[in-house]
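The residues making up each chain are set out below.
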Amino acid sequence: IATSCGTLDAIPYYENFDTWMSLSALVPMCWNNGGSFGPYLATTYDYYDAGASLYFSCSNSLPSAYVMLPEMIDSIDISQLELNFAVRGSSGTLKIGFCENLGDTSDFELVATLPVSSSSSWSDRLVSLANYNGSGRCLPFIFAKGSGANATFYLDELSIEPRTACLGGPRRIDPVEA
């Protein structure tokens, strides 16, 4: 399931990136991939289950890359949500936060910073948005490479759901509180 263009207007929201393989899309419709060197769908190398994942590539000349979801409508209380997703890749850092305008990270408000260790295994992550009280409604994922010359990062199985009372369950293996 993916959002229609315009705003993200329903929670829960799920994106496994598999739908977009057959459409030759760089990123899901209405997402912003941060320019010509931004993340794109990977269908032939690595994915969490089957189909596709979102692939980020960074180097010394491009030390970070981002992808941004469409703006969430005002009636969605962001502080009542949590993000679940799977990651893997080279050493680096994943920053999650909010911005006012789609495609513009100049006013980025940090919610969580997650280390990404070099691994060929997927890691399930949970980020609670309970402490977010800013005004930005666009959600970017920003990957920055570590100390090496090049780094890759994969994102898959993203869900935005109402926050649960406890951090337990099959997809909540590696919790990170904001």
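These figures come from a predicted structure and were not determined experimentally.

Now for the sheet that holds strand E5 (residues 64-68). Sheet strands pair by backbone hydrogen bonding; their relative direction is either parallel or antiparallel. In spatial order, the strands read E5-E11-E8-E9; together these 4 strands make up an open sheet with antiparallel pairing. Edge positions in the open sheet fall to E5 and strand E9 (109-116), since each of these has one partner strand only. Between one strand axis and the next, the sheet turns through 20° on average, direction left out of account.

Further remarks concern the pairing of strand E11 (residues 140-145). For E11, the tally of buried residues reaches 5 of 6 residues, placing the bulk of the element in the interior. One ladder, built from 5 bridges, connects E5 with E11; its direction is antiparallel. Opposite Val-67, over in E11, you have Phe-141 as the bridge partner. Bridge count between strand E8 (residues 92-98) and E11: 5 bridges; the pairing is antiparallel. Paired with Gly-92 across the bridge in E11 is Lys-145.

What follows covers unusual backbone geometry. Cis peptide bonds are those with omega within 30 degrees of zero, and the linkage from Ile-11 to Pro-12 qualifies with 10°. By the secondary structure assignment, Pro-12 is in the loop between strand E1 (7-8) and strand E2 (13-15). Of note, Glu-157 is a non-glycine position whose phi angle comes to about 55°, a positive value. What makes Glu-157 buried here is its relative accessible area of 17%.

The rules behind each value
- Residues numbered from 1 in each chain as written.
- Predicted model: local features only at pLDDT ≥ 70, side-chain atom pairs only at ≥ 80, totals over all residues.
- Heavy atoms only, no water.
- Pairing = 2+ DSSP bridges.
- Helix = DSSP H or I, 4+ residues; strand = E, 2+ residues; numbered from the N terminus.
- Axes fitted to C-alpha atoms, helices over the stretch in contact; angles between N-to-C directions.
- Buried < 20%, exposed > 50% of the residue type's maximum accessible area, 1.4 Å probe, protein only.

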